[in-house]
Amino acid sequence: MHTAVIETRTLAAQPTVVRRATLPPSEVTGWLPLALGDIAEWLRHRRIVPCGFPFSRRHQAADGLVVVEAGFPVTLPVAPNGLALPSELPAGPVVVTAYSGPYRKIGTAYDLIEDWLRRHHDRATGDAWEIYHSPPIGCPDEWHPEIVQPYSIA
C-alpha cells in the first residue's frame, strides 16, 4: 500500500556512478539488481564509498524502450571506466514520496506526484528517480523505493 505523503525538498547536484542500458520496460526489474551489484563491486575494488543509497533513473527512448541508469551517489565525479559511467542527479526543487506495495503498481505513486504537481500548478522538469533505502534484491514487492521528481515552481 502506498503511503500518500508528498514532500518537497531542494537538492544540490549529486555526482553518481552508474551502469546504463537500453531495455524494454519489462526487463528493467530483472536488470536492476545485477547492475547495482556490478557498480557496488566496481566501487569496492576502487575503495570508493558511496555517499548515499542506490538509485535508478529511467529516460524514455525510441520504440518504447527506456534508457536506465542504476548506481550510487559519490562524493566526486568519476571517469568512465568499463561498465561504470559518471552521471549526475540534478540540483533544484523536487517532489518526493515513498512507495510500499506491489512493484508492478508503483505507477500509482508516480500518478500521485503528477496530481500534486497539477494541483500546485507546477510541472515536472526531467525524469524522476527511485532511491532504494534497502537493497533492491529479491522480490521487487519488498523494495519500498522513494520516488524523487524534479519540478519547476509556478
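Predicted, not measured: the structure shown is a model, and the values here were computed from it.

Each helix and strand in the protein chain was counted, giving two helices and nine strands. Beginning at the N terminus, the succession of helices and strands in the protein chain can be written as β-β-α-β-β-β-β-α-β-β-β. The C-alpha atoms of the protein chain give 15 Å as radius of gyration, which agrees with the globular expectation for 154 residues (15 Å, within 12%). Along the first, second and third principal axes, the C-alpha set of the protein chain runs to 45 × 30 × 30 Å. A burial count over the protein chain gives 39% of its 154 residues as buried. The long-range fraction of contacts in the protein chain, counting pairs at least 24 apart against all pairs at least 6 apart in sequence, stands at 74%. Total accessible area computed for the protein chain in this model is approximately 8200 Å², and 58% of it derives from carbon and sulfur atoms.

With that out of the way, let us pick up the side chain of Ser-56. Note that Ser-56 resides in strand E3 (residues 55-60). Classification of Ser-56 by relative accessible area gives buried; the value is 2%.

Now for the UniProt feature "domain: AraC effector-binding" (unreviewed entry) in the protein chain. Within this structure's numbering, the places UniProt gives as "domain: AraC effector-binding" (unreviewed entry) are residues 4-152. Summarising residues 4-152: 21% helix, 36% strand, and an end-to-end C-alpha distance of 21 Å.

Right, let's talk about unusual backbone geometry for a bit. Backbone geometry places Arg-47, a non-glycine residue, at a positive phi of 55°. Structurally, Arg-47 is set in the loop between helix H1 (28-45) and E3.

On to the environment of Val-74. Looking at where Val-74 falls in the secondary structure, it is placed in the loop between strand E4 (66-73) and strand E5 (85-89). Overall, Val-74 belongs to the buried group, its relative accessible area being 1%. The sequence separation of Val-74 and Leu-43 amounts to 31 residues, and the corresponding C-alpha distance is 9.5 Å.

This paragraph deals with the packing of aromatic side chains. Inspection of the entire model under this criterion finds three aromatic pairs. Geometrically, the ring pair formed by Trp-116 and Tyr-151 is edge-to-face, given 5.8 Å between the ring centres and 85° between the ring planes. Taken as a pair, Trp-116 in helix H2 (residues 107-119) and Tyr-151 in strand E9 (residues 146-152) lie far apart in primary sequence, 35 residues in all. In this structure, Trp-116 and Tyr-151 share a single accessibility class: buried. Pairing Tyr-132 with Trp-143 gives two aromatic rings, centres 5.9 Å apart and planes at 80°, and the pair type is edge-to-face. With a gap of 11 residues between them, Tyr-132 in the loop between strand E8 (129-131) and E9 and Trp-143 in the loop between E8 and E9 connect regions that are remote in the sequence. For Tyr-132, a relative accessible area of 0% puts it in the buried group. Of the residues examined, Trp-143 reaches a relative accessible area of 1% and is grouped as buried.

Under the defined criterion, the tally for this structure stands at seven salt bridges. Residue Arg-20 is joined to Glu-69 by a salt bridge in which the shortest nitrogen-to-oxygen separation is 2.7 Å. Linking Arg-20 in strand E2 (residues 14-23) with Glu-69 in strand E4, this pair joins segments that are 49 residues apart in sequence. Relative accessible area serves as the criterion here: at 6%, Glu-69 is assigned to the buried category. Within the structure, one salt-bridge network assembled from shared partners comprises Glu-7, Arg-9 and Glu-146.

Assignment of secondary structure puts Leu-65 in the loop between E3 and E4. Separated by 81 residues in the primary sequence, Leu-65 and Glu-146 have C-alpha atoms spaced 23 Å apart. Those residues in contact with Leu-65 that sit more than four places away from it in its chain are Thr-22, Leu-23, Pro-24 and Gln-60.

Rules behind the numbers
Residues numbered from 1 in each chain as written. Predicted model: local features only at pLDDT ≥ 70, side-chain atom pairs only at ≥ 80, totals over all residues. Heavy atoms only, no water. Helix = DSSP H or I, 4+ residues; strand = E, 2+ residues; numbered from the N terminus. Rg over C-alpha atoms; globule rule 2.2 N^0.38 Å. Buried < 20%, exposed > 50% of the residue type's maximum accessible area, 1.4 Å probe, protein only. Contact = heavy atoms within 4.5 Å. Areas by Shrake-Rupley, 256 points an atom, 1.4 Å probe, with all protein chains shown as cover. UniProt positions renumbered as here; feature names shortened; annotations may be inferred. Phe/Tyr/Trp six-rings, centres within 6.5 Å; stacked < 30°, edge-to-face > 60°. Salt bridge = Lys/Arg side-chain N within 4 Å of Asp/Glu carboxyl O.

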